[in-house]
Structures are given as structure tokens and as C-alpha cells.
2 protein chains.
Amino acid sequence: MSIVTIERKVLEKNDELALQNRKVFQQAGAFVINIVSSPGSGKTSILERTLEHLKGRLRIAVIEGDVQTDFDAQRVAKFGVPVVQIVTNGGCHLDANLVQDALGNMDLKGIQLLVIENVGNLVCPANYDLGEHIKVVVASTTEGDDKPLKYPTMFRQASVLLVNKIDLLPYVNCNLAELKANAFKINPTLKVFEISCTTNQGIAEWCRWLEQQVQHNYH
Amino acid sequence: MSIVTIERKVLEKNDELALQNRKVFQQAGAFVINIVSSPGSGKTSILERTLEHLKGRLRIAVIEGDVQTDFDAQRVAKFGVPVVQIVTNGGCHLDANLVQDALGNMDLKGIQLLVIENVGNLVCPANYDLGEHIKVVVASTTEGDDKPLKYPTMFRQASVLLVNKIDLLPYVNCNLAELKANAFKINPTLKVFEISCTTNQGIAEWCRWLEQQVQHNYH
């Protein structure tokens, strides 16, 4: 049996489990987003600002994925939301099976929005459906404007692009128009928000859009 | 045959090929570094500043690894050094076999320093020996100070840590002392340079150290 065959079987098995997760989400009435990016793009900071902004407006739960440590779950727990930490122990992406295990430790009853924060990796998580409604990719201005072309699969799979650290634009070598043009070359239907977790720029617009998706999910 | 067995066999095969690469490097007398980091940490910018600084001092060649595009090879070629681009086509790391292919397209005769720039990924490249003398990990201040603890394998495997974008420290949520303490917790023997590709801070020190390694390699 060749390695390619094995890999295909792994992905097929993953897709099966993702379908099961999708049914669980549907039954619970939860809208589910899978946040992906490079390490250090600001996924957890965005989640903190989002939880802060949507406090009292939406019932939110979080699944945190990390290669090691539960630092991110600790940060998120401060906002008083249910959170389960998955430590992959060296694994480079979350998969539907790991998420299924996490769901076994979480009560989705009444949850309107489930946020899954993936492992920091702009390559491998692109191929693993977790059962989410949408993937949200974060690209920070400090990473430069060429990332959509260099890591196209992730930007193709995502429905939303959060351009983070927009406040650092004056200090970094990143052309914002070019970054967005590159993203649209790969995925013309991407919804883009320019945000900063330091100044809160764009957080309200992003959260408003997210609330709308949750509303649509009920109808 | 289980997937774990397949993975072990893949790594064993890789180690065999890495050993062959290592012999090729030894015969050519080339010191070889493997630069690894998250996407957008500044690997290519560091390489540009290094090539600029060492111009006329060392004979350097470059192997560029990318998931897609040959942007980085184009940037490096401007410095008049031999460069071979490896496009992994979605693959999340370089392996010894890909590097062996690249070496088939490169004349190492007279080359004193070969720089291999890996795919932007802080997880997967950690497990693949390419035959290099040392791994150099780049962490940029914009990624925060917790990365060594969250991605420990890479920091454990590396001999050198380049803390890049040191000029952005005033604007980002990163405690430099904490970042270094976290790195030393994982790997107490790490050699650390604080650098900026914008202001050139630390580039001379890094290049001086690199020159010393090349000298040692001859003796």
C-alpha cells in the first residue's frame, strides 16, 4: 500500500468524521468557525477581542488547538466561556477526530457560536475539514503581502480573511492593496476585514458580520 | 501496515538520504544552514541582508523552499548567487530527497556556505533532517514571546535563534526577556542574535558568527 493511498484514506476517514461533527453542530444550532493562520498572527488575540465585544450578545464556546501548552485556553477562559483545549503533542493540525473528542467534553446546548482555533500552521490545516461552517484565515500585516500566493490552499479554502495588526502598517514592509489583490487572485469571494487587536479597529464590523451569520444559521 | 509504521519508515528513509547529502556537503567543504520559521517571520529578508553583508567575503549558494511560487528565488538571485528553487506544491516541509534533487542542479564546487530556506512552517520541518550542519530558527517579535513553549520541537532542534523585527518591539505585545527565557527553557544552548532587516541592527554580529562557523568547518 503506497503512502499516497494511505493519505487519501486518512482524508476520507477525516471527511466522514467531519460529516458527523457537522450533524452535531446542526442539531445544536451552533454556527462554527475554524480560525487558521501562521503562528503569531493573532488568532487568540482576535478571539479575546471578539469574546469581549460579543459578551452578553451571543452564547459562545471555544475549542483551542495547540501543539503544546494550554496557554490559549487559559487566556480564553478568563472571558467566562466554556473552553476545551486540544494538545496535539507535535501534530501539525487539528482533525475531525480530535474535534469529536473535544465535543465529548463540551455541552453545546444553547451555544450559538463555536469557535475552533486551529494549530498555528498555514499549510497542513487547510486539508482537514473539522465540520465547521466556514474557515477564517488570519494574515497579519507584519507577514508581508505575498502570503496568499505562497500559501494558496488556505486562502482558497477560507471564506473570510482577517488582515490583523493593521495598526503596524506604517512600520512594516506590507502593501495592503497588494495583499488584498493577492488574496482575491486566489479567492475572489473572500470577505475581508481589516482589524487591530491593539486599537480595536474593525473589531465591531467583524463581530457584526459574525452575528449576522449566527442569525442566518437559525433560519 | 499502520500509519505510524509508514511515518517511521518515511523518516528513516529521509535520514538515510540526509546522510548522503551530508557527505556531499563535507566533500564540497560547504557549511550548510537550514533556516526555519513561521510564514512571514522574515527568512528571506534575513537572507537578503546576509548576502549583502557577506558579499565578497564568502562564496554562498542558496536553495529556496516554497509551497508555491519562486518569488523568494527571484529576490535572492538579485544578489548574484547561485540559487535553486524547490516548489513543494502543497507539501509542508522540505525533505532530504528534495534537497538531493536540488543539489543535482547546483555546482557546489568552491561554495563555502549553502543556505537552505525551508517552507514557512514552525511544526513539520522540525522532523526532517536535510543533512545541514545547523538549523537556524527565526522568531519575530510580532509573533509574541510564547512561541518557543508552543512549538518546542523546532526550538529544541535549532542551534541558533534569530529574534527578528527587533525594531518593532515598541509597538508589539512581546517581552524580549520573556521570549529569550522561554527559548532557553526549551534549549539552554541556543545562540541568540537580536536583529532587524529594516535597521540592520545585529546583522553584522550574526554574519560575523556565521563566518566563524565557515572557518571552523575548514579545520
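Up top is the structure these notes are about.
A brief look at the structure comes next. Along every chain, residues carry numbers that run from 1 in the direction the sequence is written. Whichever chain is written first becomes A and whichever ligand is written first becomes 1, with later ones labelled in order. With pLDDT at 70 or above as the cut-off, local features in this predicted model cover only qualifying residues; side-chain atom pairs require 80 or more to be listed or tallied, and sums for whole chains, interfaces and linings still use all residues. Side-chain figures throughout are based on the complete set of non-hydrogen atoms in the structure, without hydrogens or water.

**Focus on the pairing of strand E1 (residues 31-36) of chain B**
Residues and elements named next belong to chain B.
And then number 1: Burial classes follow relative accessibility: with a 1.4 Å probe on protein chains only, a residue under 20% of its type's maximum area counts as buried, one over 50% as exposed, and anything between as partly exposed. Here a strand is any run of E in DSSP of at least two residues, a helix any run of H or I of at least four, and the numbering for each starts at the N terminus. Most of E1 is tucked away: six of the six residues are buried.
And then number 2: Where burial is concerned, the two faces of E1 agree: the one with Phe31, Ile33 and Ile35 and the one with Val32, Asn34 and Val36 are both buried.
And then number 3: Strand direction decides the pairing type here: E1 and strand E4 (residues 113-117), joined by five bridges, are parallel. Pairing of Ile35 across the sheet is with Glu117, part of E4.
And then number 4: Two strands pair if DSSP finds at least two bridges between them. Of the strand pairs in this sheet, E1 and strand E5 (residues 134-140) are connected by four bridges, and their pairing is parallel. Of the residues in E5, the one forming a bridge with Ile35 is Val136.

**Quick word on the relation of the copies chain A and chain B**
And then number 1: Overlaying chain A on chain B yields an RMSD of 0.0 Å, the required transformation being a rotation through 180° with an accompanying axial translation of 0.0 Å. Between the two chains, the operation in question is that of a two-fold axis. Our superposition of the copies is a least-squares fit, built on the C-alpha atoms of residues whose pLDDT is at least 70 in both.

**Comments concerning the sheet that holds strand E6 (residues 160-164) of chain A**
All names here are of chain A.
And then number 1: Spatial strand order, E3-E2-E4-E1-E5-E6-E7: seven strands in an open sheet with parallel pairing. Of all the strands in the sheet, just strand E3 (83-87) and strand E7 (191-194) have a single pairing partner and so form its edges. On average, each strand axis in the sheet is tilted by 20° relative to the strand beside it, whichever way the strands run.
And then number 2: When strand E5 (residues 134-140) meets E6, the two strands line up parallel, connected through five bridges. Every axis corresponds to a line fitted to the C-alpha atoms, with the helix fit spanning only the stretch in contact, and the corresponding angles, defined between N-to-C directions, vary from 0 to 180 degrees.

**A word on the packing of helix H2 (residues 43-54) of chain B against helix H8 (residues 203-218) of chain B**
Residues and elements named next belong to chain B.
And then number 1: The interhelical angle for the contact between H2 and H8, taken along N-to-C directions, is 70°, at an axis separation of 10 Å. Classed by the angle they form, the pair H2 and H8 counts as roughly perpendicular. In this structure, H2 meets H8 at a crossing whose hand is right-handed. Side by side, H2 and H8 meet where Ile46, Arg49, Thr50, His53 and Leu54 of the first sit next to Ile203, Ala204, Trp206, Cys207, Leu210 and Glu211 of the second.
And then number 2: Gly falls in the polar group here, along with every residue not listed as nonpolar (Ala, Val, Leu, Ile, Met, Phe, Trp, Tyr, Cys, Pro) or charged (Asp, Glu, Lys, Arg). Split by residue class, the contact of H2 with H8 holds seven nonpolar, two polar and two charged. Note that the term roughly parallel is reserved for angles under 35 degrees, roughly antiparallel for angles over 145, roughly perpendicular for angles of 65 to 115, and oblique for everything else. Less than a right angle of anticlockwise turn of the near helix away from the far helix marks a crossing as left-handed, whereas a clockwise turn marks it as right-handed. Two residues form a contact once any of their heavy atoms are found within 4.5 Å.

**Some thoughts on the interface of chain A and chain B**
Interfaces are often described in size by the accessible area the parts lose on coming together.
And then number 1: At the interface, 35 residues of chain A touch 34 residues of chain B.
And then number 2: In short, buried area is how much 1.4 Å probe accessible area vanishes from two parts on joining, totalled over both. Buried area between chain A and chain B, both sides added, is near 2700 Å², and the carbon and sulfur share of it is 67%.
And then number 3: Ranking the residues of chain A by area buried against chain B places A:Pro39, A:Lys150 and A:Tyr171 at the top, with a combined share of 21%.
And then number 4: Salt bridges are defined by distance alone: a side-chain nitrogen of Lys or Arg within 4 Å of a carboxyl oxygen of Asp or Glu. Along the contact surface separating chain A from chain B lie four salt bridges.
And then number 5: With a shortest N-O distance of 3.6 Å, B:Asp66 and A:Lys150 are connected by a salt bridge.
And then number 6: What qualifies as a polar contact is a pair of N or O atoms within 3.5 Å, subject to a donor-acceptor requirement within protein and to the restriction that residues adjacent in sequence count only when both atoms come from side chains. Our count for the chain A to chain B interface comes out at seven residue pairs in polar contact (both at pLDDT 80 or more).
And then number 7: Elements that contribute at least two residues to the side of chain A that touches chain B include exactly helix H1 (3-28), helix H3 (71-77) and helix H5 (147-150) of chain A.

**A word on the sheet that holds E1(B)**
Residues and elements named next belong to chain B.
And then number 1: The parallel open sheet is built from seven strands, whose spatial order is E3-E2-E4-E1-E5-E6-E7. Across the chains shown, the open sheet's two edge strands, defined by having one partner strand only, are strand E3 (83-87) and strand E7 (191-194). Mean inter-strand twist for the sheet, computed between neighbouring axes without regard to direction, equals 20°.
And then number 2: Helix-sheet contacts for helix H4 (residues 96-103) involve strand E2 (60-66), E3 and E4, and the interaxial angle to E3 is about 140°.
And then number 3: Helix H7 (residues 176-186) contacts strand E6 (160-164) and E7 of the sheet and is inclined by roughly 160° relative to E7.

Such coordinate-based values are descriptive only and should not be taken to indicate function.
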